[in-house]
Amino acid sequence: MAIIETNTKSSLHLRSNSLPSTSHPLISQFEDHLQRLKTSEGASSESSSSISNKLNGMQDLHDCIDMLLQLPIGQQTLAQECNEKCVDDLLEGSLRILDICSIAKECLLLSKENMHELQSVIRRKRGIETAFKVECVKYMALRKNMKKQIRKALANLKATKLIASSSNNKDNNSSPMLGFLKEAETITITSLEHLLLFICNPKGHSNNRRWSAISKLMHSKRVVCDSQNSDTNEFEKVDAALLSLISHKSSSTENFQSHLEDLEMCIQDLETGVEQISRKLIRNRVSLLNIFNH
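In this text, all values refer to a predicted model and were calculated from it rather than measured experimentally.

Our focus in this paragraph is the overall build of the chain. A count of helical and extended segments in the chain gives nine helices and two strands. Counting only contacts in the chain whose residues sit at least 6 apart along the sequence, the fraction spanning at least 24 positions is 81%. Counting only carbon and sulfur atoms, one obtains 50% of the accessible surface of the chain, whose full area is about 15000 Å².

Attention now moves to the packing of helix α1 (residues 25–40) against helix α2 (residues 48–70). Any two packed helices are characterised by how steeply their axes cross, that is the angle between the axes, and by the distance between the axes. Direction vectors running N to C along α1 and α2 enclose 155°, while the axes themselves pass 9 Å from each other. Overall, the two elements α1 and α2 adopt an arrangement that is roughly antiparallel. Of the two possible hands of crossing, α1 and α2 adopt the one that is left-handed. Between α1 and α2, the contacting residues are L26, Q29, F30, H33, L34, L37 and S40 on the first element and K54, G57, M58, D60, L61, C64, I65, M67 and L68 on the second. Across the contact of α1 with α2, the residue classes break down as 10 nonpolar, four polar and two charged.

So, on to empty space enclosed by the protein. Per the stated rule, a full pass over the model turns up one cavity of 30 Å³ or more. In this structure, the largest cavity occupies an estimated 190 Å³ of space. Around the largest cavity, the lining comprises 14 residues; the ones closest to its centre are H62, S94, L181, L281 and L288. Among the elements of the structure, α2, α4 (84–124), α6 (176–200) and α9 (254–293) are those that each provide at least two residues to the lining of the largest cavity.

Right, let's get into the nonpolar core. In terms of nonpolar packing, the biggest core is built from 73 residues, with F30, L78, F132, L195 and F256 touching the most fellow members. Those elements that provide at least two residues to this core are α1, α2, α4, α5 (129–170), α6, α8 (234–246) and α9. In terms of residue count, α4 provides more of this core than any other element does, 16 residues in total. Once residues within four sequence positions are removed from consideration, L195 is found in contact with I51, L55, A104, L270 and V274.

Let us look at the packing of α1 against α6. Running from amino to carboxyl end, α1 crosses α6 at an angle of 25°, the nearest separation of the two axes being 10 Å. The angle between the axes of α1 and α6 places the two elements in the roughly parallel class. The chirality of how α1 crosses α6 is left-handed. Together, I27, F30, L34, L37 and K38 of α1 and F180, E183, A184, I187 and S191 of α6 make up the contact between the two elements.

What follows is about the confidence of the model for the chain. Reading fine detail from the predicted coordinates is not recommended where pLDDT is low. Residues of the chain with pLDDT of at least 70 account for 73%, and the chain-wide mean is 76. The least confident element of the chain, judged by mean pLDDT, is strand β1 (residues 3–4) at 34; the most confident is α2 at 92. In the model, residues 204–230 has pLDDT below 50 throughout and makes 37 contacts with residues more than four positions away in sequence or in other chains.

Under the counting rule described, the total for this entry stands at 11 salt bridges. One salt bridge connects K105 with E275, and the closest N-O pair in it is separated by 3.2 Å. Of this pair, K105 sits in helix α4 while E275 sits in helix α9, and the two are 170 residues apart along the sequence. Taking the relative accessible area as the measure of exposure, K105 reaches 26% and is therefore partly exposed. Residue class for E275 comes out partly exposed when judged on its relative accessible area of 27%. D239 is paired through a salt bridge with R143; the nearest N and O atoms lie 3.0 Å apart. Placement of D239 in helix α8 and of R143 in helix α5 is noted, with a sequence separation of 96 residues between them. What emerges from the salt-bridge pattern is a single network uniting D63, D66, K280 and R283.

Right, let's get into α1. Over its 16 residues, α1 runs 23 Å from end to end, which matches the ideal 22 Å to within 8%, given 1.5 Å per residue. Of all the positions in α1, only L26, I27, F30, E31, H33, L34, Q35 and L37 are classed as buried.

On to the side chain of H194. Here H194 shows up in helix α6. Apart from the residues lying within four places of it in its own chain, the contact partners of H194 are E41, E46, I51 and K54.

Let's shift gears to the packing of aromatic side chains. Applying the stated criterion across every chain yields a total of two aromatic pairs. Between F30 and F180, the aromatic rings sit 4.8 Å apart at their centres with planes inclined by 45°, giving tilted as the arrangement. Of this pair, F30 sits in helix α1 while F180 sits in helix α6, placing them 150 residues apart in sequence. Note on accessibility: F30 and F180 belong to one class, buried.

Below, the discussion takes up the side chain of N114. Positionally, N114 belongs in helix α4. When near neighbours in sequence (up to four residues on either side) are disregarded, N114 contacts K138, Y139 and L142.

What counts and how
Per chain, residues are indexed from 1 in the order of the written sequence. In keeping with the model being predicted, local features are shown solely for residues with a pLDDT of at least 70 and side-chain atom pairs are shown and tallied solely at 80 or more, while totals for entire chains, interfaces and linings include all residues. Based on all heavy atoms of the structure, the side-chain values leave hydrogens and waters out of the count. Secondary structure elements follow DSSP: runs of H or I no shorter than four residues count as helices, runs of E no shorter than two count as strands, and numbering proceeds from the N terminus. Contacts were defined at the residue level, with two residues in contact if any of their heavy atoms lie within 4.5 Å. Here the Shrake-Rupley method, with its probe set to 1.4 Å, supplies the accessible areas, and only the displayed protein chains count as covering residues. Note on method: axes are straight lines fitted to C-alpha atoms, helices fitted across the in-contact stretch only, with angles between N-to-C directions ranging 0 to 180 degrees. For classification purposes, an angle smaller than 35 degrees is called roughly parallel, one larger than 145 roughly antiparallel, one from 65 to 115 roughly perpendicular, and anything else oblique. The sense of a crossing depends on the near helix, which, turned anticlockwise from the far helix by less than a right angle, makes the crossing left-handed and, turned clockwise, makes it right-handed. Each residue gets one label: Ala, Val, Leu, Ile, Met, Phe, Trp, Tyr, Cys and Pro are nonpolar, Asp, Glu, Lys and Arg are charged, and the others, such as Gly, are polar. Note on definitions: the grid is 1 Å and covers protein atoms alone; a cavity is a set of points where a 1.4 Å probe fits but cannot get out; a pocket is an open set with protein on both sides within 12 Å along at least five of seven lines; lining residues have an atom within 4 Å of a point. Grid points are joined across faces, edges and corners, and a volume is the space filled by probe spheres set on the points. Among buried residues, those of type Ala, Val, Leu, Ile, Met, Phe, Trp, Tyr and Cys that are joined through side-chain atoms within 4.5 Å constitute a nonpolar core. The classification of residues rests on relative accessible area computed with a 1.4 Å probe and restricted to protein chains. Under 20% of the type maximum is buried, over 50% is exposed, and intermediate values are partly exposed. Think of pLDDT as the predictor's per-residue confidence, scored from 0 to 100. Salt bridge, as used here: a side-chain nitrogen of Lys or Arg that lies within 4 Å of a carboxyl oxygen of Asp or Glu. How far a helix is expected to stretch is found by multiplying one less than its residue total by 1.5 Å. Each pair of aromatic rings taken from Phe, Tyr and Trp, with Trp reduced to its six-membered ring, is defined by centres within 6.5 Å and is described as stacked if the planes are under 30 degrees apart, edge-to-face if over 60, and tilted in the remaining cases.

This is how it looks when you write it as structure tokens:
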């Protein structure tokens, strides 16, 4: 029985009894998108552009999944070869990923709203220091709560990745279409993990001490601020610039406002990307439900 040759970097192999006996363009596209996302996993640091690229890559991957799910022979294979547990695993996996997308969207929305409050105070004030400090404390409290929520989500993601990995190992000899869906689930979870890490800024573990210093803001004139590196992300730059401004290390608000504007554009880009991913995940979930309920 002929076997389709695939990219050597991918573990996916297609049998002629489940997909066309010659290399299908969609298969090559899927493996290309998958490999690009896998390659991006090894990045030593994440920037907003790299995170956006991951989101775009996930969109391309799930667009390809959608087209594969429309292939009649792919639908027949899934319907015939997937047992009830396999179906439940796929559908539960898609729900877990959608939950992570919801958490990311909520964090981005809250960040944007509080950032706008800060911008509003800066525009109104000339000497209204108390109002600015109040908004600063609110923003820092938001960041602290957000990081707590993201740490919890990351712990759940770790468990989800273990479940997906275990399921992949058990399904190695099953339908190639099922293998595609499992591979897509695993790489999507990893890419969303990178997004959450980007939002919560894990590099600044010392931030917890810095955040506690904010509670003494009304009584202290000095706040230690880490030097800004060129590779810091937009969230981290705003955090550092805010602390610098509060501690009067910055002579004006222009630098801080510039970082806020950069963060606003970054958040808008990420929100759009996550929303698109969510829609594609829902669309593919509906396709799976239609296949299994047919």
